[in-house]
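The chain contents come next:
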Amino acid sequence: MFPIFAIYDLSTKKKQILNNILEFNKFKVFDNFSLFYLHSNDTKKAFLNLDWNQILTLNSFDYPLIILTDKKNYKESFLNSCIEENLIPIYFLGNPAHWNLPFFSIQKKKNLIIFFNPIKFKKIYKTLFEFNGYKTITLPSMDSLIFFLKEQQNYRNQIFLILDLDNQRNFMKLFIEINKLVKSNFLFLKYLNLIVLKDLKEDILYPSILALKQFLQQHQHEFPPICKIFDYHYFIFLLLECLFFPYQKKFKSFVFYSLKDFLYNKEIQDNMNLKKLYKLYLNQTLPYWIASKKILPFLWLYQTSLYKENQGELLLG
């Protein structure tokens, strides 16, 4: 599966150059926008002349979408507009001689991401996961979540349940229900992973954290382990670090971790202030240049001041 390219606000000269590059790389380039083209059999699609409303229409469908736009649009007002509309993958085009276009495919995975509403930055997380082939689902109530988990007890792929500790006031009730599921089928412990998010700029020693610690101590062998609680902003950088580097084992010079490593290995407390992938990209020291392709539309998440690093993570126990 290939992301769709949406070309927005480019000069005529840059569009001509881009059109030639896309056609050389076997993209079907559409000069005009039509929903009919979305259902064509072409695997690689690009829309060359889109206005803002057409981009929003295209983004309303369930297709991975990358905006290609002029570098002059790299400013806070444009980025804020994109964030509001969940238009996260953006590649800014400057001098054509320096273009390194994000040509890559998305390999579908059987791993499942469950969002339990409400979750701050959910749309951003969802985009990052889906660009890496993960299936995502949002469940709006505790009853629907418990019912869904019961139906998945024979699921033999990894399930990541993302919980917002600040907004989910009845999380202890939810944990008790999950504990019941595990007791009825201990194999569930092998596949169910809990990702807990919280605003760590606030006081971390509030009653719910203490209640969580006590619960985990009482049920440490019959509940999916929770070793860390992540800050909302930090989790964006974490996903970029552990999801967007497709050939980790081949890069012996650099240490990259998987999502499960970050979740369950207390010794791994990588300092996201280092912005590892971003620095490697800028220094062009990656042994295989192709490995950086997938992260290109998300580099602005590193660069922009809209997302500032903070405390990072809270270790439990």
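Treat the numbers as computed from the prediction; the structure is a model and nothing was measured.

When helices and strands are tallied, the chain shows twelve helices and eleven strands. Considering the chain as a whole, with its 317 residues, one finds that 52% of them fall into the buried category. Summarising the internal contacts of the chain: among those between residues at least 6 apart in sequence, 74% fall at separations of at least 24. When the accessible area of the chain is evaluated, it comes to approximately 15,500 Å², of which 50% is carbon and sulfur surface.

Turning next to helix α9 (residues 232-243). For α9, built from twelve residues, the straight-helix expectation of 16 Å at 1.5 Å per residue is met to within 8% by its first-to-last C-alpha distance of 16 Å. Taking burial as the measure, the twelve residues of α9 include twelve buried ones, the bulk of the element. Three or more residues of α9 are buried, namely Tyr232, His233, Tyr234, Phe235, Ile236, Phe237, Leu238, Leu239, Leu240, Glu241, Cys242 and Leu243. Where α9 starts, the residue carrying a side-chain oxygen 2.9 Å from the main-chain nitrogen of His233 turns out to be Asp231.

Right, let's get into the pairing of strand β6 (residues 112-116). Within β6, five of the five residues are buried, which leaves the element mostly enclosed by the surrounding structure. As paired strands, β6 and strand β7 (residues 135-139) are joined by five bridges and run parallel to one another. When the sheet's bridge partners are listed, Ile113 is paired in β7 with Thr136. Once you follow β6 into helix α4 (residues 122-130) and on to β7, the crossover reads as right-handed.

Inspection of the secondary structure puts Asn100 in the loop between β5 (90-93) and β6. According to the relative accessible area criterion, Asn100 is buried, its value standing at 11%. Within the structure, Asn100 has its side chain in polar contact with the side chain of Lys293 (distance 2.5 Å).

In this section: the packing of aromatic side chains. Tallied over the entire structure, the rule returns 21 aromatic pairs. On the basis of an interplanar angle of 10° and a centroid distance of 6.1 Å, the ring pair of Tyr8 and Phe78 is categorised as stacked. With Tyr8 in strand β1 (residues 4-8) and Phe78 in helix α3 (residues 76-84), the pair connects residues that are 70 residues apart, well separated along the chain. The same class applies to Tyr8 as to Phe78, namely buried. For the ring pair Phe171 and Phe175, a centre distance of 5.4 Å and an interplane angle of 75° mean the geometry is edge-to-face. With Phe171 and Phe175 both in helix α6 (residues 171-184) and four residues apart, the pair spans about one turn of that helix. The class of Phe175 is buried, set by a relative accessible area of 0%.

Moving on, we get to the nonpolar core. If you look at the biggest cluster of nonpolar residues, it comprises 72 residues, and the most contacted ones within it are Tyr125, Phe129, Phe235 and Leu259. The element contributing the most residues to this core is α9, with ten residues. Residues in contact with Tyr125, not counting those within four places in the same chain, are Phe115, Ile119, Lys120, Leu197, Tyr232, Phe235, Ile236 and Leu239. Residues Met142, Leu163, Leu174 and Leu194 belong to the second largest nonpolar core, which totals 33 residues.

This part is about the sheet that holds strand β3 (residues 45-50). Strands sit in the order β2-β3-β1-β4-β5 across an open sheet of five strands; the sheet is parallel. Two strands bound the open sheet, and with one partner strand each, they are β2 (28-30) and β5. Direction aside, neighbouring strands of the sheet carry axes that sit 20° apart on average. Bridge count for β2 against β3 is three bridges, and the pairing is parallel. Among the inter-strand pairings, Phe30 is bridged to a residue of β3, identified as Phe47. Along the sheet face, helix α2 (residues 52-59) touches β1, β3 and β4 (65-70) and points at about 150° away from the line of β3.

So, how was this worked out
Residues numbered from 1 in each chain as written. Predicted model: local features only at pLDDT ≥ 70, side-chain atom pairs only at ≥ 80, totals over all residues. Heavy atoms only, no water. Helix = DSSP H or I, 4+ residues; strand = E, 2+ residues; numbered from the N terminus. Buried < 20%, exposed > 50% of the residue type's maximum accessible area, 1.4 Å probe, protein only. Contact = heavy atoms within 4.5 Å. Areas by Shrake-Rupley, 256 points an atom, 1.4 Å probe, with all protein chains shown as cover. Expected span 1.5 Å × (residues − 1). Polar contact = N/O pair within 3.5 Å; in protein donor to acceptor, adjacent residues only side chain to side chain. Pairing = 2+ DSSP bridges. Right-handed = clockwise from strand over helix to strand, strands pointing away. Phe/Tyr/Trp six-rings, centres within 6.5 Å; stacked < 30°, edge-to-face > 60°. Core = buried A, V, L, I, M, F, W, Y, C linked by side-chain atoms within 4.5 Å. Axes fitted to C-alpha atoms, helices over the stretch in contact; angles between N-to-C directions.

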